[in-house]
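Now for the letters of each chain:
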Amino acid sequence: MRLFLTALFLTLATSVLADEGSWPDIRAMLYEDRMLHPGAGVVALDAPYRTETDARTVIGVTVAAPTGLRIASVTLVLDENPMPVSAVIRLTDPLPRFRFDATLRINGPTPIHVIAETADAQLFVTDGFVKTSGQGACAAPPGTDPELAMETLGEMVIGIGNATAADPLAGLTGGEMDLALGISHPSHSGMQMDQITLLFIPMRYVETVEIDLDGKSYAEVTGSISLSENPELTLSIPSATRGVDVTMTDTDGTVSHASNRLADY
């Protein structure tokens, strides 16, 4: 997946955009000639009309599979970001309902596409558009000193609590709660310049986040340079969950672990 995302990054970064933007090329590379069904009633996107902070914008997604189907994965695409496939969530056991949000860099005004794939390989897509303040977030200087960021790289904080997000698809939050994950990581895009040396900082970002619930695999998140510095993720999990284990691996091979347990009543 890392090699594919990098290839897509390079292809789109050097291409001349057509009038309809990058989506046709992205769609072809991801799904070739597979049918993408309209996502109304299946995929709901929660994105601001305009970002308050380009480098740290919360994008939320809610999915509810059509009757009789289950969601196996969700892909979030920021069409005009340098690495447009921004996050992919794969569920170990497909679910009828799922939601997540993440803090992302929005490099400039861009269409957003969210694609949900069901266990029987059907695809449902919805889209939106977000405007930005023009900060060029993927190339903006890091918010913290790169050397200091290395000291806490990989540290994680896990929160488990009641679902608080508004439900854009009726009935979603029943029997679910939130897993909130904060990751200490500079998420260097490879496009940022060290303000002292004036050299580009090598690309280094959160590559995968593996989530286990009560000792069993639940989901894997594949990241990209679109994840913000010190990214935060929130995912819906079953309300019966008592323990969470998270493993983060970045593109330099750093692996870190964190756990959280709820007290039994």
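All values derive from a computational prediction rather than experimental measurement.

**Student:** Help me understand the sheet that holds strand E7 (residues 110–118) in this model?
**Tutor:** Picture the strands of a sheet paired through backbone hydrogen bonds; they go either parallel or antiparallel. If you trace the nine strands from one edge of the open sheet to the other, you get E1-E8-E7-E4-E5-E12-E11-E14-E15, paired in mixed fashion. Lying at the two open borders of the sheet, with one neighbouring strand each, are strand E1 (36–38) and strand E15 (255–261). Sheet twist, expressed as the mean angle between neighbouring strand axes with direction ignored, is 20 degrees. Pairing of E1 with strand E8 (residues 123–130) involves three bridges; the strand directions are parallel. Bridge assignment links Pro 38 to a residue of E8, and that residue is Val 125. Against the sheet, helix H2 (residues 23–31) makes contact with E1, strand E4 (71–78), strand E5 (85–95), E7 and E8, and its axis sits at roughly 150 degrees relative to E4, the strand it touches most.

**Student:** Mind showing me how you'd approach the sheet that holds strand E10 (residues 176–183) here?
**Tutor:** Spatial strand order, E2-E3-E6-E13-E10-E9: six strands in an open sheet with antiparallel pairing. In the strand order of this sheet, the two ends are held by strand E2 (43–46) and strand E9 (156–162), each with one partner. The average angle at which neighbouring strand axes cross in this sheet is 15 degrees, direction not considered.

**Student:** Sorry, what's going on with unusual backbone geometry here?
**Tutor:** What you tend to see is this: most non-glycine residues have negative phi, and most peptide bonds are trans. Phi at Glu 32 takes a positive value of approximately 50 degrees, unusual for a residue other than glycine. As for its position among the elements, Glu 32 is in the loop between H2 and E1. Residue classification places Glu 32 among the exposed positions, given a relative accessible area of 61%. Unlike most non-glycine residues, Asp 214 shows phi in positive territory, near 50 degrees. Tracing the backbone through its elements, the reader meets Asp 214 in the loop between strand E11 (206–213) and strand E12 (216–222). Among the residues examined, Asp 214 registers a relative accessible area of 44% and is labelled partly exposed.

**Student:** What's the story with the environment of Thr 110 in this structure? I'm lost.
**Tutor:** Among the structural elements, Thr 110 can be located in strand E7. Thr 110 sits in the buried class, given a relative accessible area of 0%. With 89 residues separating them along the chain, Thr 110 and Gly 21 place their C-alpha atoms 9.0 Å apart. When neighbours within four sequence positions are excluded, Thr 110 is seen to be in contact with Leu 78, Asp 79, Glu 80, Asn 81, Gly 128, Phe 129 and Val 130. Among the polar contacts made by the side chain of Thr 110, one reaches the main-chain amide nitrogen of Asp 79 at a distance of 3.2 Å.

**Student:** Is there a simple way to explain the confidence of the model for the chain in this structure?
**Tutor:** Do not read the predicted coordinates in detail wherever pLDDT is low. Residues at a pLDDT of 70 or more form 87% of the chain, whose mean pLDDT is 89. For residues 13–18, every residue scores under 50 in pLDDT, and the model assigns this stretch two contacts once sequence neighbours within four places are set aside.

**Student:** What is the right way to look at empty space enclosed by the protein in this model?
**Tutor:** Taken as a whole and judged by the stated rule, the model has one cavity of 30 Å³ or more. A volume near 40 Å³ is recorded for the largest cavity. Ile 89, Phe 100, Asp 101, Ala 102, Val 221, Leu 233 and Leu 235 are the residues that line the largest cavity. For the lining of the largest cavity, the secondary structure elements donating two or more residues are strand E6 (97–104) and strand E13 (232–238). Ranked by residue count, the leading element in the lining of the largest cavity is E6, at three residues.

**Student:** Explain the pattern of salt bridges to me, please; I cannot follow it from the model alone.
**Tutor:** Side chains bearing opposite charge may pair, as long as their charged atoms lie close to each other. One pass over the structure, following the stated rule, counts eight salt bridges. We note a salt bridge from Glu 176 to Arg 99, for which the minimum N-O separation is 3.9 Å. One end of the pair, Glu 176, is in strand E10; the other, Arg 99, is in strand E6, and 77 residues separate them in sequence. Side by side, Glu 176 and Arg 99 carry an identical accessibility label, which is buried. A salt bridge links Arg 261 to Asp 245, with the nearest nitrogen and oxygen atoms 3.1 Å apart. Of the two residues, Arg 261 is situated in strand E15 and Asp 245 in strand E14 (residues 243–250); the sequence distance between them amounts to 16 residues. Its relative accessible area of 21% is what places Asp 245 among the partly exposed residues. Connected via shared salt-bridge partners are Arg 97, Arg 99, Glu 176 and Asp 178.

The rules behind each value
- Residues numbered from 1 in each chain as written.
- Predicted model: local features only at pLDDT ≥ 70, side-chain atom pairs only at ≥ 80, totals over all residues.
- Heavy atoms only, no water.
- Pairing = 2+ DSSP bridges.
- Helix = DSSP H or I, 4+ residues; strand = E, 2+ residues; numbered from the N terminus.
- Axes fitted to C-alpha atoms, helices over the stretch in contact; angles between N-to-C directions.
- Contact = heavy atoms within 4.5 Å.
- Buried < 20%, exposed > 50% of the residue type's maximum accessible area, 1.4 Å probe, protein only.
- Polar contact = N/O pair within 3.5 Å; in protein donor to acceptor, adjacent residues only side chain to side chain.
- pLDDT = per-residue confidence, 0-100.
- 1 Å grid on protein atoms, 1.4 Å probe; cavity = no way out; pocket = protein on both sides within 12 Å on 5 of 7 lines; lining within 4 Å.
- Points joined across faces, edges and corners; volume = space filled by probe spheres on them.
- Salt bridge = Lys/Arg side-chain N within 4 Å of Asp/Glu carboxyl O.

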